Amino acid sequence: MNEQIIILDFGSQYTQVIARRIRECSVYSTILRYDTPAAEIAKLKPSGIILSGGPSSVYAADAPLPDRAIFALGVPILGICFGVQLFAQFLGGKVEKGQKREYGKGTLTVKDGACALFKKLPRQLQVWNSHGDKLTKLPKGFVSVAVTDNSEFAAIENRQKRFFGLQFHPEVVHTPRGKEIITNFVHGVCRCGKGWTMRNYLEQSIAEIRAQVGKERVILGLSGGVDSSVAAALLHKAIGDQLTCIFVNNGLLRAREAEVVQEVFGRNFKMKLQYEEASNLFLNKLRGVTDPERKRKIIGKAFIDVFQAATKRAGKVKFLAQGTLYPDIIESVPIAGNPAALIKSHHNVGGLPKNMKFALVEPLKCLFKDEVRQLGLELGLPKEIVYRQPFPGPGLAVRCLGDVTPEKLKVLRRADAIVVEEMKLADLYYKTWQTFAVLLPVRSVGVQGDERTYDWTLAIRAVESQDGMTADWVRLPYDLLEKISLRITNEVRGLNRVVLDLTSKPPGTIEWE
């Protein structure tokens, strides 16, 4: 990656969204901690720097502040929200608490059409604000180039130094022309080309894998999900039979998942596939457990135990491959008020015991989810694998609320299969981020076949999202919901009621546990 934009993270919930917007410009982006020394940043030879938003006030005693020397690196800098206020803090301006918060939609009026950020954009734009502080005095050398009703300094510029500041958030979808603003910064100001493509990444990654692995053997835990599937296909293309994939059936999979994995990777791709049947082990360990965090920890430990035993049967192996993605390895910035705080544990990253003596191969660690899907298509994986919806590591255990039993899993698995089948028939499955069923620990009275029933309740969850960080519930057609409900209550014994989850993220999470 010869060209890249560095993003300094000050604890914003939108930092990863900024990185995604840059990559949509076919330019590589890297997220670093806000306090990364300027000397380290300089070694990366960035084409530009973006200062993210954040929950703090720049004038607070414990405010997260960058190395002052970043302003002397001689590269363009774009400050967003908290980032624009940093210009004032370091370069002689002033920030004060606003008389009222500016949150939500606003109208930006561009004063200076010559500003590079607003090239080929209309004079008035809808933007998204989320701040309580505001600039009250410009730093030396800056001028105001755009205003909102609440701020005369909504966009500022120091044209000589190529410093820009935006009080609003151009990275979010609520700023409809925001991507064009970022594009103007990346290509117009930073003069980046369009070298970040999946074809280039594929060729580069194959070369790096071969250089790292040499003639040694590699094992990979293949779950059937998008990440591990693409990692397996990439590694197989790079090193062929030096790769052995281990598939663990934990009894918590979706309908026909084990069969599909064996068909696609074993018979079609001709990969070495080691199948481990461990359903009874996992279900016995989960018996009577209702707390979601305990479920996750039990499943994570059981998987490691099974996988560890399987690696011994695989023979002498030096490398362990993982489908780790870029969002998994970005260091969380522990800033008070940061909404990106820990919500639930994630046992796929950093969960391996120290006595597993493998060197790691992580061929996807530079990629976001949608980039992984693009890479999967380049590798020839079928659409059913590449665009399958995200599935939690603990599987159906966290969609079966309360205790997990074989009987409840059978009910949930059948109902979930109906949801997926009908979404595909309606041509909506690949157009939504996630659609799935959740078995609730709630029984209610029903009437089925002229008989009174007292059975379980099923919730349908359908959400739309760009990256899983935020999500909104999908307005599915009523006739589709009716068909799903009728099929489930008619075809799945043990269910007599279907409800729809209308909660966005936030305040809810996408999964129920």
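Scroll up a little and you will see the structure.
So, how was this worked out
- Residues numbered from 1 in each chain as written.
- Predicted model: local features only at pLDDT ≥ 70, side-chain atom pairs only at ≥ 80, totals over all residues.
- Heavy atoms only, no water.
- Phe/Tyr/Trp six-rings, centres within 6.5 Å; stacked < 30°, edge-to-face > 60°.
- Helix = DSSP H or I, 4+ residues; strand = E, 2+ residues; numbered from the N terminus.
- Buried < 20%, exposed > 50% of the residue type's maximum accessible area, 1.4 Å probe, protein only.
- Lys NZ or Arg CZ within 6 Å of the ring centre and 35° of its normal.
- Axes fitted to C-alpha atoms, helices over the stretch in contact; angles between N-to-C directions.
- Parallel < 35°, antiparallel > 145°, perpendicular 65-115°, else oblique.
- Left-handed = near helix turned anticlockwise from the far one by under 90°.
- Contact = heavy atoms within 4.5 Å.
- Pairing = 2+ DSSP bridges.
- Expected span 1.5 Å × (residues − 1).
- Core = buried A, V, L, I, M, F, W, Y, C linked by side-chain atoms within 4.5 Å.
- Disulfide = S-S within 2.5 Å.
- Salt bridge = Lys/Arg side-chain N within 4 Å of Asp/Glu carboxyl O.

Student: Can you walk me through the packing of aromatic side chains in this structure?
Tutor: Any two aromatic rings considered together are summarised by their centre-to-centre distance and by the angle between their planes. Considering all chains together, one arrives at 16 aromatic pairs under this definition. Where Phe87 meets Phe163, the ring centres are 5.5 Å apart and the plane angle is 25°; that geometry is what we call stacked. Of this pair, Phe87 sits in helix α3 (residues 82-91) while Phe163 sits in strand β9 (residues 163-166), and the two are 76 residues apart along the sequence. We classify Phe87 as buried; its relative accessible area is 0%. An aromatic cluster of three or more residues is present, and its members are Phe71, Phe87, Phe90, Phe142 and Phe163. One residue, Arg254, lies across the ring of Phe391, its end atom 3.9 Å from the ring centre. Directly above the aromatic system of Tyr429 lies the positively charged group of Lys424, at a separation of 5.0 Å from the ring centroid.

Student: I would appreciate a short explanation of the environment of Lys357 in the present structure.
Tutor: Mapped onto the secondary structure, Lys357 falls in the loop between α10 (326-329) and β14 (359-361). With a relative accessible area of 68%, Lys357 lands in the exposed category.

Student: Which parts of the structure should I look at to understand the packing of helix α6 (residues 226-239) against helix α11 (residues 369-378)?
Tutor: Where α6 meets α11, the axes come as close as 10 Å, and the angle between the chain directions of the two elements is 40°. As far as their axial angle goes, α11 and α6 are oblique. The handedness of the crossing between α6 and α11 is left-handed. Across the interface between the two elements, Val226, Asp227, Val230 and Leu234 from α6 touch Lys369, Val372, Arg373, Leu375 and Gly376 from α11.

Student: Explain unusual backbone geometry here, please?
Tutor: With glycine set apart, most residues show a phi of negative sign, and most peptide bonds adopt trans. Geometrically, the link from Lys505 to Pro506 is a cis peptide bond, its omega value of -15° lying close to zero. Relative to the elements of secondary structure, Pro506 occurs in the segment after β18 (495-500). Residue Pro507 follows Pro506 across a cis peptide bond; omega there is 15°. Residues other than glycine seldom take positive phi values, yet Cys81 does so here, at roughly 55°. With respect to the secondary-structure elements, Cys81 resides in the loop between β4 (77-80) and α3. Here Arg191, not a glycine, exhibits a phi torsion of approximately 60°, which is positive. Positionally, Arg191 belongs in the loop between α4 (178-189) and α5 (198-213).

Student: Looking at this structure, I do not really get the sheet that holds β14. What am I missing?
Tutor: Strand pairing in a sheet relies on backbone hydrogen bonds. The paired strands run either parallel or antiparallel. The sheet built from five strands is open, its strands ordered β12-β11-β10-β13-β14 with parallel pairing. Since the sheet does not close on itself, it has two edges, and those belong to β12 (272-277) and β14, each with one partner. Averaged over all neighbouring strand pairs, the angle between strand axes comes to 30°, with direction disregarded.

Student: I tried to follow the pairing of β9 on my own but got confused; where do I start?
Tutor: Where burial is concerned, the two faces of β9 agree: the one with Phe163 and Gly165 and the one with Phe164 and Leu166 are both buried. Pairing between strand β8 (residues 151-158) and β9: four bridges, direction antiparallel. Bridge pairing links Asn158 to Phe163 in β9. Hairpin connection of β8 to β9: four residues between the antiparallel strands, including Arg162 at a positive phi of 60°.

Student: Looking at this structure, I do not really get α4. What am I missing?
Tutor: Side chains of residues three or four places apart in an α-helix project in the same direction, reflecting 3.6 residues per turn. Across its twelve residues, α4 extends 15 Å between first and last C-alpha, which sits within 8% of the 16 Å expected from 1.5 Å per residue. The set of residues buried in α4 consists of Gly178, Ile181, Ile182, Asn184, Phe185, Val186, His187 and Val189. The first or second residue beyond α4 is Arg191, which carries a positive phi of 60°.

Student: Just checking my understanding: could you explain helix α13 (residues 406-425) for this structure?
Tutor: Here α13 is 20 residues long and its end C-alpha atoms lie 28 Å apart, about the 28 Å a rise of 1.5 Å per residue gives. When α13 is considered as a whole, its buried residues turn out to be Lys408, Leu409, Val411, Leu412, Ala415, Asp416, Ile418, Val419, Val420, Glu422 and Met423. Where α13 is buried, its residues touch α8 (279-286), β15 (434-448), β16 (451-464), α14 (478-491) and β18. Directly beyond the C-terminal end of α13, a positive phi value near 60° is found at Asp427.

Student: Can you walk me through the environment of Ala42 in this structure?
Tutor: Note that Ala42 resides in helix α2 (residues 38-43). Note: C-alpha distance between Ala42 and Val75 (33 residues apart in sequence) is 9.6 Å.

Student: Just checking my understanding: could you explain the nonpolar core for this structure?
Tutor: Soluble globular proteins tend to bury their nonpolar side chains together. Membership of the largest hydrophobic core comes to 45 residues, with the highest contact counts inside it found for Leu252, Leu439, Leu458, Ile488 and Leu495. Considering every element that reaches this core, the biggest residue donor is α13, with eight residues. Ignoring any residue separated from it by four or fewer positions in sequence, one finds Leu495 in contact with Val411, Ala415, Leu439, Gln448, Asp455, Trp456, Thr457, Leu458, Ile488 and Thr489. Residues Ala258, Val261, Leu379 and Ile385 belong to the second largest nonpolar core, which totals 42 residues.

Student: Please explain the side chain of Thr175 as it appears in this structure.
Tutor: Its place among the elements puts Thr175 in the loop between β9 and α4. Residue class for Thr175 comes out buried when judged on its relative accessible area of 3%. Excluding its chain neighbours within four sequence positions, the residues that come into contact with Thr175 are Gln126, Val127, Trp128, Phe168, His169 and Pro170.

Student: Even after reading the chapter, I still don't get the state of the cysteines, so can you show me in this structure?
Tutor: Put plainly, two cysteines are in a disulfide when a covalent bond ties their sulfur atoms together. All told, the structure shown has zero disulfides when counted by the stated rule. We note that Cys25 lacks a disulfide partner, and the nearest cysteine sulfur, in Cys192, lies 9.0 Å from it.

Student: Please clarify how the pattern of salt bridges should be interpreted in this entry.
Tutor: Counted under the stated rule, the structure contains 29 salt bridges. A salt bridge links Glu276 to Arg313; the shortest N-O distance between them is 2.6 Å. Of the two residues, Glu276 is situated in strand β12 and Arg313 in helix α9 (residues 292-313); the sequence distance between them amounts to 37 residues. Here Arg313 falls in the exposed class, since its relative accessible area comes to 53%. Overlapping salt bridges bring together Arg20, Arg21, Arg23, Glu24, Lys179, Asp370 and Glu371 as one network.

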